[in-house]
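The residues making up each chain are set out below.
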Amino acid sequence: MTSPIFSNLFLYNTIATMAKSMPALGQTDSTTSSVSNSTSPSTFFAMLMNAMMESMEQTNTETTPQTGVQAELPSLTTPLTAPLANSYNPAVTIPPLNTKEVPTAATDKSDLKFRPTQFVKLDNTLEGKLSGTAAHFINAGKKYDLDPNLLSAIAIHETGNGSSKAVNDKNNVAGMMGKNGLRSYGSVEDSIFDMARNLRQNYLNQGKDTIAKIGAKYAPVGAANDPTGLNNHWTQGVSNYYSKLT
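Residues numbered from 1 in each chain as written. Predicted model: local features only at pLDDT ≥ 70, side-chain atom pairs only at ≥ 80, totals over all residues. Heavy atoms only, no water.

Engineer: Explanation requested: helix α10 (residues 234-245) in the structure shown.
Structural biologist: Between its first and last C-alpha atoms α10 spans 17 Å; for 12 residues at 1.5 Å apiece the expected length is 16 Å, and the two agree. Those residues of α10 that fall on the buried side of the exposure criterion are Trp-234, Gly-237, Val-238, Tyr-242 and Leu-245. Seen along its axis, α10 keeps its buried residues to an arc of 130 degrees; they face one direction. Those residues of α10 that are exposed and aimed more than 90 degrees away from the buried face are Ser-243 and Lys-244. Looking at the buried side of α10, the elements it contacts are α4 (119-125), α6 (148-159) and α9 (211-218). (Helix = DSSP H or I, 4+ residues; strand = E, 2+ residues; numbered from the N terminus. Expected span 1.5 Å × (residues − 1). Buried < 20%, exposed > 50% of the residue type's maximum accessible area, 1.4 Å probe, protein only. Arc of directions from axis to C-beta. Contact = heavy atoms within 4.5 Å.)

The following block contains the structure:
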């Protein structure tokens, strides 16, 4: 509802504007005459409307912010994101992963080539650091033509199903060695693919076509780097896990 003050002010502005646009009442020269003598009702009404419009435009200009003008926003005194205090900075340089293609050789007569895997069963079996990696075992098996259950069985045995220091500290799922001892990987996925490449290139393609034959080279009994004799249980342990998965 319009207040009386605003109505009076609006009327005053209208009359003032109209007065400015009309000729003086006492003016009698040849070019201009008074309102009462020369201004018709229609002309007077048009002048009145024009004065009202000018008054409204002036009022809106004074009370309404100009279009496109944006109020200045207060500056931020605190950054939106704080720097990470625990940024990843590995102490050991991780060597690049060998991702070369290794096709299946004709010498591989094994029954350990790629085959469909029960994903849900495998996913439910993997625990610890291996949890959620079933797809990686399957994809690595496809790439290097190896049974994903064989890869999984080796990883489960080597890491105590995702609980060993090697997998938790170095992402190493298969006991793979480097120049300076146990190798470090950027991710568990990298380790799985490197294990698959190694098995295809240096074991299955070399005629190691059973878990026992793989174990004789992979974890030889009496090896110098196995002082506690864990390699004695490698073939049996991997075979047991493989049977459960298949």
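Engineer: Teacher, can you tell me more about the packing of helix α5 (residues 134-144) against helix α8 (residues 188-202) here?
Structural biologist: In helix packing, the relevant descriptors are the interaxial angle and the interaxial distance, both defined with respect to the helix axes. Between α5 and α8, the least distance of the axes is 9 Å, while the angle of their chain directions is 30 degrees. Classified by the interaxial angle, the pair formed by α5 and α8 is roughly parallel. Between α5 and α8 lies a crossing whose hand is right-handed. Across the interface between the two elements, His-136, Phe-137, Asn-139, Ala-140, Lys-143 and Tyr-144 of α5 pack against Glu-189, Ile-192, Phe-193, Met-195, Ala-196, Arg-197 and Arg-200 of α8. Of the residues contributing to the contact of α5 with α8, the split by class is 7 nonpolar, 2 polar and 4 charged. (Axes fitted to C-alpha atoms, helices over the stretch in contact; angles between N-to-C directions. Parallel < 35°, antiparallel > 145°, perpendicular 65-115°, else oblique. Left-handed = near helix turned anticlockwise from the far one by under 90°. Nonpolar A, V, L, I, M, F, W, Y, C, P; charged D, E, K, R; others polar.)

Engineer: Please clarify how the side chain of Ser-110 should be interpreted in this entry.
Structural biologist: Note on placement: Ser-110 falls in the loop between α3 (41-63) and α4. A polar atom in the side chain of Ser-110 sits 2.7 Å from the side chain of Asp-108. Side-chain polar atoms of Ser-110 contact the backbone nitrogen of Leu-112, separated by 3.2 Å. In this structure Ser-110 touches Leu-204 and Asp-209, once residues within four positions along its chain are discounted. (Polar contact = N/O pair within 3.5 Å; in protein donor to acceptor, adjacent residues only side chain to side chain.)

Engineer: Can you walk me through unusual backbone geometry in this structure?
Structural biologist: Most peptide bonds take the trans form, and the phi angle of most residues other than glycine is negative. A positive phi angle, near 55 degrees, is found at Asn-161, a position not held by glycine. Along the chain, Asn-161 turns up in the loop between α6 and α7 (165-170). Unlike most non-glycine residues, Asn-171 shows phi in positive territory, near 60 degrees. For Asn-171, the position within the fold is in the loop between α7 and β1 (177-178). Using a relative accessible area of 14% as the deciding quantity, one classes Asn-171 as buried.

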